[in-house]
Amino acid sequence: MRDITIKIDPEGAGIFPHKLNPWISKTYPVNDDEIEIIVYAANGHVFSGWSGDVGQNNTSGIPLRIKDTGEKRVITAHFSPARTDKPRLTIRSDFDNGNVILRYIDQVGRIVITEPQQINDCTNIWWHFTLDGIEPGEAITIDTNHSPIAGNCQPVYSYDGFHWARFTGQKPPYTQIFTESKVEIARNIPYPYSRAISLTDELASNNNCNIFSLCKSENGLDVWAFQVTDPETNDKDKKTLWVQARSHAFESHSSWVAEGILRWICGDSEAAAKLREKCQIFVVPILDVDNVYHGGAGKSQWNSQNQPADVNHDWGNEPLWSVTKSITQKLQTLKEDHDFLGFLDLHSPWFYQGPEFYINNMDLDLGKAFFSLFSGHIRARNNPNTWDSCWFVTNSEDQLMSQDTGFFGGDDNPLPVFRYKLEEPAKFISSTGWVVKEGIIDPANSLAITVEIPHWKDDSGEIITKEGLLGFGACLGMAANDFAELSAQGNHKPK
Ligand SMILES: [Zn+2]
């Protein structure tokens, strides 16, 4: 029997709306899950915090999430009169990967309403800005007005650009208490273009790593690539593993995983040294550098000639983008002299779902075998985020359509931009399809996998962290080494 009393202090300064708190109903099951307690400020007040029987839960925002154990509790939501003498709030996004339009700001009520700018006609699912002028300890209410299909996943914030925490709210409007005067806020843990440049600086002195620019983007930015190989053994005899991320610019978590794999294969472990003897590994942490730099979402974008130009649909005979042009040429050249161990394309889904491997162009059992190597390493190293189960997508579009989770243009998710539903590129070819079609990957013996990295929670229900993502990358490296070893022995196929 649930027995939670919510008090408003002072009386009349806030509202506890029953409609938004379904758990107060007697018929709502007590099942040890989290419940969300939602209150609003009223009558010239602002929210100022929670007290009472809140346990160890995060009390820094609305909603308050607590475990529904059934025990008796009294919780108070505090409010204080809105003041006119607070510092002015300011919003900025004029930096690498920033994106925001300010729609409305209430300096007294401390309410900020923003909207992501749609760059190249993408769905507005990426936003990243700084908020300055906070009186430390005060709550700010923010509505981000993104498309709900990809954004309802507890945004992140950071005071130093390094440590990232999540809002307590899952979807807007968010009310969050900040403890510093300036905060950086984004939909997910950002991975700006400059992060790839800092990797080139950091790895420049690593003997196993050759750094090169694949090409200049349409806006003149370098697309940085890393070739990792043991310089003492001849590359001629080695297999090639190609790893790329961020065909879709909003999928920042995919770049963190690419960095994780790069750090691991460049590192000191015996397994990484073995992999470098057998293989040369290419890692491209950011493909769509222009959209990443300008804070674009990238998914289903249109180019300046008004053509549908999603980077992951651009693997046909005549690529539209210089990055896809240069990668397809590079892979064709590599194919002349090398067998491929695999091709991994790292993504991060645009709606909330469990992790997936898209393996519709390779052997299903081989894909599953690689996944079990990968998840075994995740368990063995106690990675901060788990990845125990996986959905293997073998016929992606049919499956997505049947999922009811918001395929573009789906009935449940009216979007601000509609035209891509009507006009997908006629010759739509994805990266993993192309490498198999071109004979670069032998689908019966090597890997052609699009990895969908979770962007909110792992399969234990824990929030995804930067360390967890870097760990996913390291474990992909370890699994690649196992796979290379087994494949050299002819034992890579499951019996
Ligand atoms: Zn993607």
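Since the structure is predicted, the reported quantities are computational estimates derived from the model, not experimental observations. (Residues numbered from 1 in each chain as written. Predicted model: local features only at pLDDT ≥ 70, side-chain atom pairs only at ≥ 80, totals over all residues. Heavy atoms only, no water.)

Enquirer: How do you make sense of the overall build of the chain when you look at a structure like this?
Expert: Secondary structure summary: the chain contains eleven helices and 25 strands in total. Since a compact globule built from 495 residues should have a radius of gyration of about 23 Å, the 24 Å found for the chain is in line with a globular shape. Taken along its principal axes, the extent of the C-alpha atoms in the chain is 75 × 50 × 45 Å. Across the 495 residues that make up the chain, the buried fraction comes to 55%. Sequence-distant contacts in the chain: of pairs separated by 6 or more residues, those separated by 24 or more amount to 73%. (Helix = DSSP H or I, 4+ residues; strand = E, 2+ residues; numbered from the N terminus. Rg over C-alpha atoms; globule rule 2.2 N^0.38 Å. Buried < 20%, exposed > 50% of the residue type's maximum accessible area, 1.4 Å probe, protein only. Contact = heavy atoms within 4.5 Å.)

Enquirer: Which parts of the structure should I look at to understand the pairing of strand β11 (residues 111–115)?
Expert: Sheet faces and side chains relate simply in a regular strand, where the side chains alternate between the two faces. With burial as the criterion, only one face of β11 is covered, namely that bearing Val112 and Thr114; the residues Ile111, Ile113 and Glu115 on the opposite face remain uncovered. Strand direction decides the pairing type here: strand β10 (residues 101–106) and β11, joined by five bridges, are antiparallel. What sits directly across from Tyr104, in β11, is Ile113. Connecting the antiparallel pair β10 and β11 is a turn made up of four residues, with Arg110 showing a positive phi of about 55 degrees. Pairing analysis gives three bridges linking β11 to strand β13 (residues 139–143), with the strands arranged parallel. Bridging from a neighbouring strand, Ile111 pairs with Thr141 of β13. (Pairing = 2+ DSSP bridges.)

Enquirer: So what exactly am I meant to see when it comes to the pairing of strand β3 (residues 34–37) here?
Expert: Side-chain alternation along β3 places Ile35 and Ile37 on a buried face and Glu34 and Glu36 on a face that remains uncovered. Looking at chain direction, β3 and strand β7 (residues 64–67) are connected through four bridges and run antiparallel. Each bridged residue has a counterpart across the sheet, and for Glu34 the counterpart in β7 is Lys67.

Enquirer: Even after reading the chapter, I still don't get the sheet that holds strand β8 (residues 72–81), so can you show me in this structure?
Expert: By way of backbone hydrogen bonds, the strands of a sheet pair with one another, either parallel or antiparallel. Spatial strand order, β1-β8-β5: three strands in an open sheet with mixed pairing. Looking at strand neighbours, the two that pair on one side only are β1 (3–9) and β5 (45–52), the edges of this open sheet. Geometrically, the sheet is characterised by an average inter-axis angle of 20 degrees between neighbouring strands, direction not taken into account. Relative to β8, β1 runs parallel, the two sharing seven bridges. Within the sheet, the bridge partner assigned to Ile6 lies in β8 and is Ile75. (Axes fitted to C-alpha atoms, helices over the stretch in contact; angles between N-to-C directions.)

Enquirer: Even after reading the chapter, I still don't get the layout of surface pockets, so can you show me in this structure?
Expert: What the second largest pocket holds in volume is close to 370 Å³. Considering only residue class, the lining of the second largest pocket consists of three nonpolar, six polar and five charged. (1 Å grid on protein atoms, 1.4 Å probe; cavity = no way out; pocket = protein on both sides within 12 Å on 5 of 7 lines; lining within 4 Å. Points joined across faces, edges and corners; volume = space filled by probe spheres on them. Nonpolar A, V, L, I, M, F, W, Y, C, P; charged D, E, K, R; others polar.)

Enquirer: Honestly, the coordination of the zinc ion in this entry has me stumped. Any pointers?
Expert: For a metal bound by four donors in tetrahedral geometry, the ideal donor-metal-donor angle is 109.5 degrees, whereas six donors in octahedral geometry ideally sit at 90 or 180 degrees. Protein ligation of the zinc ion involves His248 (ND1), Glu251 (OE), Glu251 (OE) and His347 (ND1), the donor distances falling in the range 2.1 to 2.4 Å. Each of the four donor atoms around the zinc ion contributes to a set of angles spanning 57 to 143 degrees, which defines the coordination as irregular. In primary-sequence terms, the residues that donate to the zinc ion follow H-x2-E-x95-H. For the pair His248 and Glu251, a shared accessibility class is recorded, and that class is buried. (Donors = N, O, S within 2.8 Å, 3.2 Å for Na, K, Ca; no water. Tetrahedral: all angles 85-135°; square planar, octahedral: opposite > 155°, others 65-115°.)

Enquirer: I keep staring at the nonpolar core and nothing clicks. Help me out?
Expert: The nonpolar side chains of soluble globular proteins are, as a tendency, buried together. Formed by 93 residues in total, the largest nonpolar core has its most connected members in Trp242, Leu331, Phe357, Phe374 and Trp387. By residue number, the principal contributor to this core is helix α11 (residues 466–488), which donates ten residues. The contacts of Leu331, once residues within four sequence positions are left out, are Trp242, Trp315, Phe340, Phe343, Trp434, Val435 and Ile440. Within the second largest apolar cluster, 20 residues are counted, among which are Ile62, Ile66, Ala77 and Ile177. (Core = buried A, V, L, I, M, F, W, Y, C linked by side-chain atoms within 4.5 Å.)

Enquirer: Just to check I follow, could you spell out empty space enclosed by the protein for this structure?
Expert: Using a probe with the size of a water molecule, rolled over the atoms, empty space left in the structure can be pinpointed. One pass over the structure, following the stated rule, counts two cavities of 30 Å³ or more. Space inside the largest cavity adds up to approximately 70 Å³. Lining the largest cavity are Ser217, Glu218, Val223, Leu287, Asp288, Val289, Asp290, Val311, Trp321, Ser322 and Val323. Sorting the residues of the lining of the largest cavity by element identifies α5 (289–294) and α6 (322–337) as the ones contributing at least two each. For the lining of the largest cavity, the per-class residue count stands at six nonpolar, two polar and three charged.

Enquirer: Help me understand a nonpolar patch on the surface in this model?
Expert: Side chains of Ile15, Leu20 and Tyr40 sit close together on the surface and give an oily, nonpolar patch of about 260 Å² of accessible area. For Leu20, the location among the structural elements is in the loop between β2 (14–15) and β3. Look at Leu20 and you get partly exposed, because its relative accessible area is 37%. (Patch = residues over 30% accessible without salt bridge, like charges linked within 9 Å, V, L, I, M, F, W, Y side chains within 5 Å. Areas by Shrake-Rupley, 256 points an atom, 1.4 Å probe, with all protein chains shown as cover. Salt bridge = Lys/Arg side-chain N within 4 Å of Asp/Glu carboxyl O.)

Enquirer: Would you mind showing me how to read the sheet that holds strand β25 (residues 447–452) here?
Expert: Taken together, the eight strands give an open sheet; going across it, the order is β18-β19-β21-β20-β22-β25-β23-β24, and neighbouring strands pair in mixed fashion. The strands lining the two open edges of the sheet, one partner per strand, are β18 (209–216) and β24 (391–393). Averaged over all pairs of adjacent strands, the angle between their axes in this sheet comes to 20 degrees, without regard to strand direction. Here strand β20 (residues 239–245) runs beside strand β21 (residues 279–284); their pairing, made up of six bridges, is parallel. Directly across from Trp242, in β21, lies its bridge partner Phe282. Against the sheet, helix α3 (residues 252–265) touches β19 (222–228), β20, β21 and β22 (340–347), its axis set at about 150 degrees to β21.

Enquirer: Which parts of the structure should I look at to understand the confidence of the model for the chain?
Expert: As a general rule, the predicted coordinates of low-pLDDT regions are not to be interpreted in detail. For the chain, per-residue confidence averages 90 on the pLDDT scale, and residues scoring 70 or more make up 91% of the total. Confidence over residues 396–426 falls short of pLDDT 50; this stretch has 56 contacts with residues more than four positions distant or in other chains. (pLDDT = per-residue confidence, 0-100.)

Enquirer: Any chance you could explain helix α4 (residues 270–278) here in plain terms?
Expert: Three or four residues apart is the spacing at which side chains of an α-helix point the same way, because the helix has 3.6 residues per turn. For α4, the complete set of buried residues consists of Ala272, Leu275 and Arg276. Buried residues of α4, viewed axially, fall in a sector of 100 degrees; they line one side. Elements in contact with the buried residues of α4: β19, α3, β21 and α11. (Arc of directions from axis to C-beta.)

Enquirer: Looking at this structure, how should I read the packing of aromatic side chains?
Expert: To describe a pair of aromatic rings, one takes the distance between the centres and the angle between the planes. Tallied over the full model, the rule gives 25 aromatic pairs. Residues Phe167 and Phe178 carry aromatic rings whose centres are separated by 6.1 Å and whose planes lie at 65 degrees to one another, so their mutual orientation is edge-to-face. Here Phe167, found in the loop between β15 (165–166) and β16 (174–177), pairs with Phe178, found in the loop between β16 and β17 (182–186); they are eleven residues apart in sequence, far enough to count as distant. By relative accessible area, which is 0% here, Phe178 ends up buried. Taken together, the ring pairs in this structure connect Phe357, Phe371, Phe374, Trp387, Phe392 and Phe472 into an aromatic cluster. When the ring centre of Phe162 is taken as reference, the NZ or CZ atom of Lys466 above it lies at 3.8 Å. (Phe/Tyr/Trp six-rings, centres within 6.5 Å; stacked < 30°, edge-to-face > 60°. Lys NZ or Arg CZ within 6 Å of the ring centre and 35° of its normal.)

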